[in-house]
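One-letter residues, chain by chain:
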Amino acid sequence: MQKLRSRLTPLALLVLALAAAALGQVASPQSVVGFHPTDDKVVADWHQITDYFAKLDKASSRVAVKEIGKTTNGNPLIVAFISSPANIKDLEKYRRISARLADPRTIVSDAERDDLIKNGKTIVSIACSIHSTELVAAQMSMNLAYELATANDTDTKEILDNTILLLIPSSNPDGVDIVANWYKKTLGTKSEGTAPPELYHHYAGHDDNRDWFMLDLAETQAITKFFWKEWFPQIVYDVHQQGSNASRFILPPFYDPVNPRVDPSILREVGLIGYKMAADLQAKGVQGVATNSTYDTWWHGGFRSAPYYHNSIGILSEAGSANLMSPATIKPEDLARNRNTRGLPNLLESSTNYPDPWKGGVWHASDIANIEMIACRSLLQMAAKFRPKYLRQFYEYGAANVKPSADDPVAFVVPAGQPNAGNVSRFLEILMAQGIEVHQLVKELHVSTAKSVPSRTEMPLGSFVVFTNQPQRPNVLSLFEKQVYPKRLLPNGDAEAPYDVAGWTLPLQMGVESVPIWQVDGAEASSLKPLNDINQARSVLNLPGQAGPFGKEPNPLKTSPRVGLYKGFTGSMDEGWTRLVFDTFQVPYSSVSDADIRSGKLDYDSLVLPSDSENQILNGLSAERYPAEFAGGIGDAGVENLKSFVQNGGKLICFDQSCAMVIKRFGLPVKEALAGIKRSEFYDPGSIVQLDVDTKQPLARGLGPDTAAYFTSSSAFDVDKDAKGVTVDARYGPLLSGWTLGEKYRDGKAALVEVTYGKGKIVLFGFRPQHRGQTWGTFPFIFNALEK
Ligand SMILES: [Zn+2]
């Protein structure tokens, strides 16, 4: 079949597509893009995918395609609504029902609720390929849409009648193009199947799925608005791929630990759908499907975890990868080596959560697509068959959240008079953008800040209040509270790594003060006014208004340094996030390549090395797999040029991992304090830790003596007391949110150090001052370091 298709000329395809259109038929993906999506060695770029969906929109009364925003690079971000023709005609009616059920306070009686449930449809979203090298799902989305648009069996009809599918062909369209173009360019070369030599999201790369509460990225902003302010899906399915040598498919239930702020009933529903998908795959003879493994539900900021904080069921699947669209040969011994996966100690042996092992073979993109198509249908069947149940539950979760709870604060107050008005504004904007309600004080309010002993504290005019008794109660609590990650050790005593970071408390990360409140003077309720627009808050904060949401911030630099930012070809996410911070704050900079450093072309006042390993910086990409123009890092010549740059008066600013390379290669009088400590002794996978800041230092301008900073398997330094030309600007203090095993190893160690080197200076940040674009509280350190 494939041979025949590939022999059709573009003209023949056009004729076929036109004939189909003339007959009122829905054109297949192959008749539009020229090949069957998910076949070996072919890939559709974003233009081809959106073109197909536009044709589907025109030809099928079951499909309506909508652009919900522009991506970072200006591409259209689209959603295909797929349902019965009758439902598609009435989308706005069903959107309104879902929105009403999302906020039980809008429903006046049980009869009204029952009526909404009776008349509503289950809103389900399937979102593909947020991670662009996991590209099969984006290709598969065309086949899925075509199948749902054309099939007439009873199962499909039941799905179409009872659900409205919001199909997102890619949550990162820019990356579809970056990866598809690279793949096409390198087909048949030594680079075939490799990742592109750049981040597949302009700023975030793989971290584009770490932004779902911070909303730094255009894509997260648009989808968050679409989901949690407009459509309120009851089920969200995020389709991913994992490494080639892993299980063939991972489904929920997930692994431990669970986040105590996620409703246990939601976790049960997540597990139920996961098991249904696994059972359906087994029934079709698919081997290698695992549950209860690898991924936990602790972390807040992923695509499938955000739904838990919006009373919705979030599903993740991870298919074993091919080599992009080229087949991979996987041997049993490759699978046998994969022994460190949580919940899956041996991929060649069966276990309760992995009853039918896959023992290796040739693995095609079409194998992945086959699994994903079965999984999508399985999920849609659940959503259709149990439509009233899902709608009722969704309502019930929200209804429970709006009731007061004696165990939790009634509200969090963001008090007036904080020094960082810009941070406060962005913080409130982030909350409101994900549908959290914020109130503003129009006169003073009296509150009790203690749980057990009632007190009467005055909250000044200009403060903001976020109540917890709103439909998104878990979201409010999980963003404001400090996380206490359970101490989890492996049988050998080593710390067990969580899937992602352990702590994220947003006010701490952003340097915003917030106070939990246990009681509010009821008589003063009239002093509160809902905040409907961030510009309302900006005027209270005396900030100049801004034209659009998530606008640019004023450049904080007092001088005009020439700033260089190192950018290799390894696709450093830390580099991307640094760029995001510079762009947000309008700090001018130039990207500096490996070749620039190798040739000593370093005409800058300050040069920033983002957090990358010595190997990444020095050696870059391998010449065995990449063309010469992308291969090799800065090399030894580059290190010598960096030394001359500093000796001649330049400033080299190093973040976290890159400090090790500079300390070693420059022979600095600073030691890495945590290097070589066993994981049974010290471990911190991502937490917020207090810094004791020497506020007399110019690098600490605008920062308090106790500043919260982000530590994620980061660095700490020992500095010899007698060392000349070394200044310690900040030391590590106690853990504030997350998990640190063996805090004593880090406590009191240097966190931010300046070293004089020749006529210049080296700044060593042990922590991540710009971690994932979230740590607004420590951005000032970076700006101070950049100053001339
Ligand atoms: Zn992924």
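Now for a look at the structure at hand. The structure presented is a predicted model; accordingly, all values stated were derived computationally and were not measured.

### Re the overall build of the chain
(1) Moving on: Looking only at helices and strands, one finds 25 helices and 31 strands in the chain.
(2) Moving on: Across its three principal directions, the C-alpha atoms of the chain cover 80 × 70 × 55 Å.
(3) Moving on: Per-residue burial over the chain gives 60% buried out of 788 residues.
(4) Moving on: Carbon and sulfur atoms form 52% of the exposed surface of the chain, whose accessible area is close to 29600 Å².
(5) Moving on: Here the chain carries 80 positive and 86 negative side-chain charges, and the mean point of each set is 2 Å from the other.

### Some thoughts on unusual backbone geometry
(1) Moving on: The linkage connecting Pro252 with the following residue, Pro253, adopts the cis geometry, with an omega of 5°.
(2) Moving on: Inspection of the secondary structure assignment puts Pro253 in the loop between strand 6 (249-250) and strand 7 (255-258).
(3) Moving on: Here the residue pair Asp256 and Pro257 is connected by a cis peptide bond, since its omega of 0° sits within 30 degrees of zero.
(4) Moving on: Position of Pro257 relative to the elements: it lies in strand 7.

### Some remarks on the packing of aromatic side chains
(1) Moving on: Here the structure, examined in full by the defined rule, presents 32 aromatic pairs.
(2) Moving on: Plain terms: the ring middles of Phe582 and Tyr589 are 5.4 Å apart, the flat faces sit at 55° to each other, and that makes the pair tilted.
(3) Moving on: Between Phe711 and Tyr732, the ring centres sit 5.4 Å apart and the planes meet at 85°, which makes this aromatic pair edge-to-face. Pair noted here: Phe711 is in strand 27 (residues 706-711) and Tyr732 is in strand 29 (residues 726-737), with a separation of 21 residues, a long-range link.

### Re the sheet that holds strand 5 (residues 235-242)
(1) Moving on: In spatial order, the strands read 1-2-4-3-5-10-6-8; together these 8 strands make up an open sheet with mixed pairing. In this open sheet, the two edge strands, each paired with only one partner strand, are strand 1 (63-70) and strand 8 (289-290).
(2) Moving on: Where helix 4 (residues 46-59) meets the sheet, its contacts fall on strand 1, strand 2 (76-82) and strand 4 (163-168), and the angle it forms with strand 2 comes to roughly 35°.
(3) Moving on: Sitting on the sheet, helix 8 (residues 136-150) touches strand 1, strand 2, strand 3 (122-128), strand 4 and strand 5, and the angle it makes with strand 3 is about 140°.

### Looking at the coordination of the zinc ion
(1) Moving on: Ligation of the zinc ion by protein atoms is provided by His131 (ND1), Glu134 (OE), Glu134 (OE) and His240 (ND1), these donors lying 2.1 to 2.5 Å from the ion.
(2) Moving on: Around the zinc ion, the 4 donor atoms are arranged such that angles at the metal cover 55 to 149°; this shape is classified as irregular.

### Concerning the sheet that holds strand 13 (residues 411-414)
(1) Moving on: Reading across from one edge, 18-13-17-14-20 is the order of the 5 strands in this open sheet, with antiparallel pairing throughout. Of all strands in the sheet, those bounded by a partner on one side alone are strand 18 (515-517) and strand 20 (528-530). Direction aside, the axes of adjacent strands within the sheet are offset by 30° on average.
(2) Moving on: Along the sheet, helix 17 (residues 473-480) makes contact with strand 13 and strand 17 (464-467), crossing strand 13 at roughly 50°.

### Points about the environment of Leu735
(1) Moving on: Summarising the element assignment, Leu735 is placed in strand 29.
(2) Moving on: In this structure the C-alpha to C-alpha distance between Leu735 and Leu691, which are 44 residues apart in sequence, comes to 9.5 Å.

### Thoughts on empty space enclosed by the protein
(1) Moving on: Applying the stated criterion across every chain yields a total of 5 cavities of 30 Å³ or more.
(2) Moving on: Quantified by volume, the largest cavity comes out at close to 100 Å³.
(3) Moving on: Together, His131, Asn209, Arg210, His240, Trp299, Gly302, Phe303, Arg304, Ser305, Leu316, Glu318 and Tyr499 line the largest cavity.
(4) Moving on: In terms of residue class, the lining of the largest cavity is built from 4 nonpolar, 5 polar and 3 charged.

### Focus on the pattern of salt bridges
Note on pairing: side chains with opposite charge can pair once their charged atoms come close.
(1) Moving on: In this structure the tally under the stated criterion is 46 salt bridges.
(2) Moving on: Asp45 is the partner of Lys184 in a salt bridge, and the nearest nitrogen-oxygen pair spans 3.8 Å. Taken together, the residues Lys184 in helix 10 (residues 173-186) and Asp45 in the loop between helix 3 (29-33) and helix 4 connect sequence positions 139 residues apart.
(3) Moving on: Residue Lys184 is classed as partly exposed on the basis of its relative accessible area, which comes to 38%.
(4) Moving on: Residue classification places Asp45 among the buried residues on the basis of a relative accessible area of 16%.
(5) Moving on: A salt bridge links Arg392 to Asp114, with the shortest nitrogen-to-oxygen separation between them at 3.3 Å.

### Observations regarding the environment of Leu335
(1) Moving on: Looking at the secondary structure, you find Leu335 in helix 13 (residues 332-337).
(2) Moving on: Those residues within four positions of Leu335 in sequence are excluded, and the remaining contacts are Asn245, Ala246, Arg248, Ile330, Leu347, Leu348, Trp358, Lys359 and Gly360.

### Re the packing of helix 8 against helix 14 (residues 365-385)
(1) Moving on: Contact pair helix 8 / helix 14: the axes reach a minimum separation of 10 Å and the direction vectors enclose 50°. When the interaxial angle is binned, helix 8 and helix 14 end up oblique. Seen along the crossing, helix 8 lies across helix 14 with a hand that is right-handed. Each of Val136, Ala137, Met140, Asn143, Leu144, Glu147 and Leu148 in helix 8 lies in contact with helix 14, whose residues at this interface are Ala365, Ile368, Ala369, Glu372, Met373, Cys376, Arg377 and Leu380.
(2) Moving on: Of the residues contributing to the contact of helix 8 with helix 14, the split by class is 11 nonpolar, 1 polar and 3 charged.

### So, helix 15 (residues 387-402)
(1) Moving on: Across its 16 residues, helix 15 extends 23 Å between first and last C-alpha, which sits within 8% of the 22 Å expected from 1.5 Å per residue.
(2) Moving on: Three or more residues of helix 15 are buried, namely Arg387, Tyr390, Leu391, Gln393, Phe394, Tyr395, Tyr397, Gly398, Ala399, Asn401 and Val402.

### Notes on the packing of helix 6 (residues 91-102) against helix 7 (residues 110-119)
(1) Moving on: Contact geometry of helix 6 with helix 7 gives a least axis separation of 10 Å together with a crossing angle of 135°. Our classification of the angle between helix 6 and helix 7 gives oblique. The chirality of how helix 6 crosses helix 7 is left-handed. Where helix 6 approaches helix 7, its residues Tyr94, Ile97, Arg100 and Leu101 are matched on the opposing element by Glu112, Leu116, Ile117 and Asn119.
(2) Moving on: Residue composition of the contact of helix 6 with helix 7, grouped by class: 5 nonpolar, 1 polar and 2 charged.

### Brief notes about the nonpolar core
(1) Moving on: By size, the foremost hydrophobic cluster in this structure holds 90 residues, and its most contacted members are Ile126, Leu167 and Tyr237.
(2) Moving on: Of all the elements, helix 14 adds the most residues to this core, at 13 residues.
(3) Moving on: Filtering out sequence-adjacent residues up to four positions away, Ile126 remains in contact with Leu144, Leu165, Leu166, Leu167, Ile168, Tyr237, Val239, Cys376, Leu379 and Leu380.
(4) Moving on: Within the second largest apolar cluster, 80 residues are counted, among which are Ala421, Val476, Trp504 and Met510.

The rules behind the values
Residues numbered from 1 in each chain as written. Predicted model: local features only at pLDDT ≥ 70, side-chain atom pairs only at ≥ 80, totals over all residues. Heavy atoms only, no water. Helix = DSSP H or I, 4+ residues; strand = E, 2+ residues; numbered from the N terminus. Buried < 20%, exposed > 50% of the residue type's maximum accessible area, 1.4 Å probe, protein only. Areas by Shrake-Rupley, 256 points an atom, 1.4 Å probe, with all protein chains shown as cover. Lys, Arg positive; Asp, Glu negative; His and termini not counted. Charge placed at Lys NZ, Arg CZ, Asp CG, Glu CD. Phe/Tyr/Trp six-rings, centres within 6.5 Å; stacked < 30°, edge-to-face > 60°. Pairing = 2+ DSSP bridges. Contact = heavy atoms within 4.5 Å. Axes fitted to C-alpha atoms, helices over the stretch in contact; angles between N-to-C directions. Donors = N, O, S within 2.8 Å, 3.2 Å for Na, K, Ca; no water. Tetrahedral: all angles 85-135°; square planar, octahedral: opposite > 155°, others 65-115°. 1 Å grid on protein atoms, 1.4 Å probe; cavity = no way out; pocket = protein on both sides within 12 Å on 5 of 7 lines; lining within 4 Å. Points joined across faces, edges and corners; volume = space filled by probe spheres on them. Nonpolar A, V, L, I, M, F, W, Y, C, P; charged D, E, K, R; others polar. Salt bridge = Lys/Arg side-chain N within 4 Å of Asp/Glu carboxyl O. Parallel < 35°, antiparallel > 145°, perpendicular 65-115°, else oblique. Left-handed = near helix turned anticlockwise from the far one by under 90°. Expected span 1.5 Å × (residues − 1). Core = buried A, V, L, I, M, F, W, Y, C linked by side-chain atoms within 4.5 Å.

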